[in-house]
Amino acid sequence: MSTTADVAFLDILDPEFQVDSPEVRVAAEANWYARTATGIAVLRYAECSALMKDRRLLRGLSGILAQWGLTDGPFAEWISAALLNSEGQEHLRLRRLVSAAFNPRSTEHLRPFMRQTAHDLINSFVGAGECEFMTAFAEPYPARVIAELLGIPAEDFDDFLGWATDIGLGFGPTAVRDRDRIEAALAGLNQCCDRLLDHRRRQPADDLVSALLAAEAEGDRLSGEELRTMLTGLVFAGQDTTSNQLGLLMTTFAQRPEQWALLATQPESIAGAVEEVMRSSPSVPVSGRIAGQDFTFQDVDISAGTHVLLMVTQANADPAVFGDRSFDITATRPAHLTFGGGVHYCLGAGLARAEMCEALPILAARLGDFRIAGAVPSRPQVGITGPVSLPLQFSPESTTTAAAPA
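The structure reproduced in this document is the subject of the present report. (Residues numbered from 1 in each chain as written. Predicted model: local features only at pLDDT ≥ 70, side-chain atom pairs only at ≥ 80, totals over all residues. Heavy atoms only, no water.)

### Side note on the packing of aromatic side chains
Okay, step 1: Inspection of every chain in the model, using the stated rule, returns eleven aromatic pairs.
Okay, step 2: Each ring, one from Phe 137 and one from Tyr 141, has its centre 5.1 Å from the other, and the planes form 20 degrees; the classification is stacked.
Okay, step 3: Take Phe 137: its relative accessible area is 0%, and that puts it in the buried class.
Okay, step 4: Pairwise contacts between aromatic rings join Phe 253, Trp 260, Phe 327 and Phe 370 into one cluster.
Okay, step 5: Over the ring of Phe 322 we find Arg 279, and its NZ or CZ is 5.3 Å from the ring centre. (Phe/Tyr/Trp six-rings, centres within 6.5 Å; stacked < 30°, edge-to-face > 60°. Buried < 20%, exposed > 50% of the residue type's maximum accessible area, 1.4 Å probe, protein only. Lys NZ or Arg CZ within 6 Å of the ring centre and 35° of its normal.)

This is the structure in structure tokens:
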């Protein structure tokens, strides 16, 4: 790869690296990219958007995991077979088959369940006037929604709650340290999904698992191994990123109480608030790619095998596109890049948006004024990030029991 010596260097392999640090902002002001130990980091919106759609770049998750030192074992094998890691005609084939089952209708009919789940979880802690938000709400909420989508009985919810969180550690700089934990979670999830697939082969129902088993496109069906990998991938993707995004949502509004107050008086701003949080504080702040061939982009020669890190958080704050860095839930913004772009645009974007749009007004109405009541440790910012724990206190007048509206 050819770069100029005066281009900034970012140490993205450092577990303490901050995607929104002054160092990154200065680098973005100076150039559209920065150097890293394994390739380049793309810092501006236009270039990130273009490269997300560039077919010369591959998702290459196995190679990206290798930069953390994770090159073999069950987790590495699972990643290599995942839809997110596939390319070309195989990717199109898998995506076409899963899209036949996982579609807007399968998400929309879950909205009443989302509302009821939000109320049920809040009922369990609202009387105390405080909670640890990640374990009380952010983690169980998307887990229960995914369980409902798949047809997993309510009594089995807790069996796979937390597996997705542990698996998510495999995408960051602590992957080798947490390897045993990651692989144990994957084994548990595999066993759960195998049982579910076997049950639905015998007793089909109106759920996503049955739809995946029946999915067909041009005479093609998913194989048994593809079904397991697809199902475990959906369970993981549908939990960890959303739970962390919910934690980031609450930390963002804790720092901007005037914006939180707007939600009560302007309910029409809910969708905009969700988009603004995902723009400013995405749970996946960096999206990795690997060059599949030699090519030149913006006068920079990029060799096959080069890591190209799309710095989504920085691109979502590009002043040339979004103006100043102020957070405003009423603003009309260009589309952010949090869900990616091109053929790898997030398959679960609709589900994630629906979950947050249903949860946010209920949280705002029932928790009222709230504040962070202690330290908020965070996962590393390269990988899937968010609060490890988030202690909250909220106003006593909001501690009422409620059920979901009809």
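Picking up where we left off.
### Description of the sheet that holds strand 3 (residues 57-58)
Paired through their backbone hydrogen bonds, the strands of a sheet run either parallel or antiparallel.
Okay, step 1: One open sheet holds the five strands; their spatial order is 1-2-8-5-3, and the pairing between them is mixed. Edge positions in the open sheet fall to strand 1 (33-35) and strand 3, since each of these has one partner strand only.
Okay, step 2: In the sheet, strand 5 (residues 286-291) pairs with strand 8 (residues 307-311) via five bridges, with the strands oriented antiparallel. Its bridge partner lying in strand 8, Gly 288 is registered against Leu 309.
Okay, step 3: Lying over the sheet, helix 2 (residues 45-52) contacts strand 2 (39-42), strand 3, strand 5 and strand 8, oriented at roughly 125 degrees with respect to strand 8. (Pairing = 2+ DSSP bridges. Helix = DSSP H or I, 4+ residues; strand = E, 2+ residues; numbered from the N terminus. Contact = heavy atoms within 4.5 Å. Axes fitted to C-alpha atoms, helices over the stretch in contact; angles between N-to-C directions.)

### Focus: the packing of helix 9 (residues 140-150) against helix 20 (residues 349-367)
Okay, step 1: With their axes 11 Å apart at the nearest point, helix 9 and helix 20 run at an angle of 125 degrees to one another. One finds that helix 9 runs oblique with respect to helix 20. As helix 9 packs across helix 20, the resulting crossing turns out to be right-handed. Contact residues: helix 9 offers Tyr 141, Pro 142, Val 145, Ile 146 and Leu 149, while helix 20 offers Leu 351, Glu 355, Glu 358 and Ala 359.
Okay, step 2: Of the residues contributing to the contact of helix 9 with helix 20, the split by class is seven nonpolar, no polar and two charged. (Parallel < 35°, antiparallel > 145°, perpendicular 65-115°, else oblique. Left-handed = near helix turned anticlockwise from the far one by under 90°. Nonpolar A, V, L, I, M, F, W, Y, C, P; charged D, E, K, R; others polar.)

### Some details on unusual backbone geometry
Okay, step 1: For Gln 298, which is not glycine, the phi dihedral falls at a positive 50 degrees.
Okay, step 2: Tracing the backbone shows Gln 298 in the loop between strand 6 (295-297) and strand 7 (300-302).
Okay, step 3: With a phi angle near 70 degrees, Asp 299 is a residue other than glycine that sits in the positive phi range.
Okay, step 4: By the secondary structure assignment, Asp 299 is in the loop between strand 6 and strand 7.
Okay, step 5: You can call Asp 299 exposed: its relative accessible area is 75%.

### Let's talk about the nonpolar core
Grouped burial of nonpolar side chains is what soluble globular proteins tend to show.
Okay, step 1: If you look at the biggest cluster of nonpolar residues, it comprises 104 residues, and the most contacted ones within it are Phe 75, Phe 133, Phe 137, Met 250 and Phe 253.
Okay, step 2: Discounting chain neighbours no more than four positions away, the residues touching Phe 253 are Gln 259, Trp 260, Leu 263, Ala 273, Val 277, Phe 327, Ile 329, Leu 360 and Phe 370.
Okay, step 3: Core analysis: the second largest hydrophobic core is formed by 21 residues, Ile 40, Val 42, Val 308 and Ala 315 among them. (Core = buried A, V, L, I, M, F, W, Y, C linked by side-chain atoms within 4.5 Å.)

### Details of the environment of Ala 100
Okay, step 1: As for its position among the elements, Ala 100 is in the loop between helix 5 (88-99) and helix 6 (104-108).
Okay, step 2: Once the C-alpha coordinates of Ala 100 and Leu 212 are considered, the two residues, 112 residues apart in sequence, prove to be 7.9 Å apart.

### Quick word on empty space enclosed by the protein
Okay, step 1: In this structure the tally under the stated criterion is two cavities of 30 Å³ or more.
Okay, step 2: The volume enclosed by the largest cavity comes to roughly 50 Å³.
Okay, step 3: Lining the largest cavity, in full, are Gly 168, Leu 169, Gly 172, Pro 173, Thr 174, Arg 379, Pro 380, Val 382, Gly 383 and Ile 384.
Okay, step 4: In terms of residue class, the lining of the largest cavity is made up of five nonpolar, four polar and one charged. (1 Å grid on protein atoms, 1.4 Å probe; cavity = no way out; pocket = protein on both sides within 12 Å on 5 of 7 lines; lining within 4 Å. Points joined across faces, edges and corners; volume = space filled by probe spheres on them.)

### A word on a negative patch on the surface
Okay, step 1: Among the surface-exposed residues, Asp 11, Asp 14, Glu 16 and Glu 23 lie close enough to one another that they form a single negatively charged patch.
Okay, step 2: Relative accessible area serves as the criterion here: at 33%, Asp 14 is assigned to the partly exposed category. (Patch = residues over 30% accessible without salt bridge, like charges linked within 9 Å, V, L, I, M, F, W, Y side chains within 5 Å. Areas by Shrake-Rupley, 256 points an atom, 1.4 Å probe, with all protein chains shown as cover. Salt bridge = Lys/Arg side-chain N within 4 Å of Asp/Glu carboxyl O. Lys, Arg positive; Asp, Glu negative; His and termini not counted. Charge placed at Lys NZ, Arg CZ, Asp CG, Glu CD.)

### Side note on the layout of surface pockets
Okay, step 1: Its volume calculated, the second largest pocket comes out at about 600 Å³.
Okay, step 2: Forming the boundary of the second largest pocket are 25 residues, of which Asp 20, Leu 248, Thr 252, Ser 280 and Ser 281 lie nearest the centre.
Okay, step 3: At the level of secondary structure, the elements contributing two or more residues to the lining of the second largest pocket comprise helix 15 (240-254) and helix 17 (270-280).
Okay, step 4: No other element matches helix 15, which puts three residues into the lining of the second largest pocket.
Okay, step 5: Residue composition of the lining of the second largest pocket, by class: eight nonpolar, twelve polar and five charged.

### Observations concerning the pattern of salt bridges
Okay, step 1: Scanning the entire structure with this criterion turns up 18 salt bridges.
Okay, step 2: Residues Glu 226 and Arg 93 are paired through a salt bridge, measuring 2.9 Å at the closest nitrogen-oxygen approach. Of this pair, Glu 226 sits in helix 14 (residues 224-237) while Arg 93 sits in helix 5; the two residues are 133 residues apart in sequence, bridging distant segments of the chain.
Okay, step 3: A residue is classified by how much of its surface remains accessible, and Arg 93, at 16% relative accessible area, is buried.

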